[in-house]
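Chain and residue survey
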Amino acid sequence: MADVQEKMLKEIFKDFEINSNIINTKIKSINLYKKTNKLEVNILSDKPIKVKDVGAFEKYLIKRFMLKEAIIHISYIDGMENNFLSEWDDILDYLSYKHPLTKALLKDSILNLDGNNLNINLKLSGADILNGRNMDKVLSDLIFNVFNKKLKIKYMDNDSEENKVKALEYRQKLQKDVIKKVQEKSNIIDDTKENKIEKENKEFNKKDSKVQVNGNLTNNYKQEDKNDSKNKKQEEPEEITPLILGRNQNIKDPLVKVIDVSIDSGKISLEGEVINTDSRELKTGKFLFMFDLYDGTSTITCKAFIEKDKFKAVSRKNKIC
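I will try to describe carefully the structure that is included in this document.

What counts, and where the lines are drawn
Residues numbered from 1 in each chain as written. Predicted model: local features only at pLDDT ≥ 70, side-chain atom pairs only at ≥ 80, totals over all residues. Heavy atoms only, no water. Helix = DSSP H or I, 4+ residues; strand = E, 2+ residues; numbered from the N terminus. Buried < 20%, exposed > 50% of the residue type's maximum accessible area, 1.4 Å probe, protein only. Contact = heavy atoms within 4.5 Å. Areas by Shrake-Rupley, 256 points an atom, 1.4 Å probe, with all protein chains shown as cover. Polar contact = N/O pair within 3.5 Å; in protein donor to acceptor, adjacent residues only side chain to side chain. Pairing = 2+ DSSP bridges. Axes fitted to C-alpha atoms, helices over the stretch in contact; angles between N-to-C directions. Parallel < 35°, antiparallel > 145°, perpendicular 65-115°, else oblique. Left-handed = near helix turned anticlockwise from the far one by under 90°. Nonpolar A, V, L, I, M, F, W, Y, C, P; charged D, E, K, R; others polar. Phe/Tyr/Trp six-rings, centres within 6.5 Å; stacked < 30°, edge-to-face > 60°.

**Here we look at the overall build of the protein chain**
Secondary structure assignment for the protein chain yields nine helices and 11 strands. Looking at the protein chain as a whole, 28% of its 321 residues are labelled buried. Restricting the contact set of the protein chain to residue pairs at least 6 apart, pairs at least 24 apart contribute 52%. About 22800 Å² of surface is accessible on the protein chain, with carbon and sulfur atoms providing 50% of the total.

**Concerning the side chain of S109**
As for its placement among the helices and strands, S109 is situated in the loop between α4 (103–106) and β4 (110–114). A distance of 2.6 Å separates the side chain of S109 from the backbone oxygen of L106, its partner in a polar contact.

**Side note on the sheet that holds strand β11 (residues 299–306)**
Spatially, the three strands line up as an open sheet ordered β9-β10-β11, and their pairing is antiparallel. Of all the strands in the sheet, the pair left with one neighbour each is β9 (273–281) and β11. When the angles between neighbouring strand axes are averaged without regard to direction, this sheet yields 20 degrees. The pairing of strand β10 (residues 287–294) with β11 spans eight bridges and is classified as antiparallel. Each residue of the ladder has a partner; that of M290, found in β11, is K303.

**Some details on unusual backbone geometry**
Phi is positive for M66, which is not a glycine, with a value near 50 degrees. Secondary-structure assignment places M66 in the loop between α2 (51–65) and β3 (69–76). In this model, N134 sits at a positive phi of 60 degrees, which is unusual for a non-glycine residue. Turning to its location among the elements, N134 is positioned in the loop between α5 (127–132) and α6 (135–147).

**Concerning the environment of K310**
Summarising the element assignment, K310 is placed in helix α9 (residues 308–317). Each C-alpha atom of the pair K310 and K286 lies 9.5 Å from the other, and the pair is 24 residues apart in sequence.

**Some details on the sheet that holds β3**
The strand order across the open sheet built from three strands is β1-β2-β3, with neighbouring strands paired in mixed fashion. Looking at strand neighbours, the two that pair on one side only are β1 (26–33) and β3, the edges of this open sheet. Taken over all neighbouring pairs, the strand axes of this sheet differ in orientation by 15 degrees on average, direction set aside.

**Describing the packing of helix α3 (residues 88–98) against α6**
To describe two helices that pack against each other, one gives the angle between their axes and the distance between the axes. One way to put it is that α3 packs onto α6 with a least axis distance of 12 Å and a crossing angle of 120 degrees. Taken together, α3 and α6 sit at an angle that is classed as oblique. α6 is crossed by α3, and the crossing has right-handed handedness. Residues W88, I91, Y94 and L95 of α3 pack against M135, V138, L139, L142 and F147 of α6. In terms of residue class, the contact of α3 with α6 is made up of nine nonpolar, no polar and no charged.

**Details of the pairing of β9**
Note that β9 and β10 share eight bridges and pair antiparallel. From the neighbouring strand, N276 faces β10, where its bridge partner is D292. Counting the residues in the hairpin turn of β9 and β10 gives five residues, including G285, whose phi is positive at 100 degrees.

**Topic: the packing of aromatic side chains**
A full pass over the atoms with the stated rule returns 10 aromatic pairs. Ring geometry for F16 and Y60: centres 5.0 Å apart, planes at 35 degrees, overall tilted. One end of the pair, F16, is in the loop between α1 (9–12) and β1; the other, Y60, is in helix α2, with 44 residues separating them in the sequence. A residue is classified by how much of its surface remains accessible, and Y60, at 14% relative accessible area, is buried. Their ring planes at 15 degrees and their centres at 6.0 Å tell us that F57 and Y60 sit as a pair that is stacked. Taken together, the positions of F57 and Y60, both in helix α2 and three residues apart, correspond to about one turn of that helix. Y60 shares its class with F57; the two are buried.

Now the structure itself:
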């Protein structure tokens with residue numbers, strides 16, 4: 001962006017308040033990637049910039065412009081270098097903010113800088129976890145962006161028996177934390193859907209149970225009964241078939257137990273007892289029919305969208321005694 005080149009950072013981002021060298025740097029370029037909602041800022045400095053100040057600026061940009069990610073790249077005048085080894089603790093804090101659970105593995109590790117290779121001897125055995133999360137590239141990019149030094153990162157495990165046990169315990173804890181977060185997120189979504197459906201059902205039932213007659217509210221069940229009796233006379237006789245809904249009752253797919261159903265199961269066949277039903281009319285005129293199916297192993301809630309003219313027959317066949 002030509003209009004921001006060579007301007008001071010404090011001139012472009014006037015509401016970013018911090019007492020550090022980063023505020024007096026010059027803007028080289030600003031690039032916004034709309035598809036990924038990422039902002040990249042290249043700055044030029046004649047003084048060392050601390051990694052914690054870079055983190056503070058990134059947090060400001062993400063909050064200020066509602067970004068998914070902000071990346072700061074620093075170039076130094078006259079080839080000046082900033083020593084990243086002296087800021088290792090701040091680097092760990094920066095990484096733990098963006099990549100939780102990594103600080104525990106990198107804490108108290110021993111650094112060995114050999115030319116452009118940085119070997120990190122871990123106190124715990126966890127190199128496979130860090131490599132699996134691409135933390136070698138993440139750390140290499142951070143050191144390049146902030147300290148202008150290109151390094152190849154290698155994590156090395158401590159292979160003592162004690163550390164192997166600790167690493168196993170850490171992996172188990174990590175798995176439990178991930179499962180817990182997924183379950184909590186799933187429960188929140190389910191509660192939100194249930195509350196929404198319950199609210200819509202109450203509004204629908206309230207609307208359906210009463211009718212305005214000459215300014216007075218009165219129950220309309222008698223009127224509905226009369227209409228139903230007229231409609232029943234006009235309805236064609238039902239076809240005698242065990243099929244409740246669908247075109248073909250010959251199901252060839254093998255039966256699956258409810259307890260074995262997962263999000264990857266795809267098209268399946270279930271057999272069980274309907275233990276609960278519910279329904280509501282949609283704005284499109286169709287009906288959403290819901291029922292709970294129990295097969296001895298577990299219960300699953302099934303849903304079907306049914307045309308208005310078929311709904312009465314379907315609900316009547318699914319009536320719970």
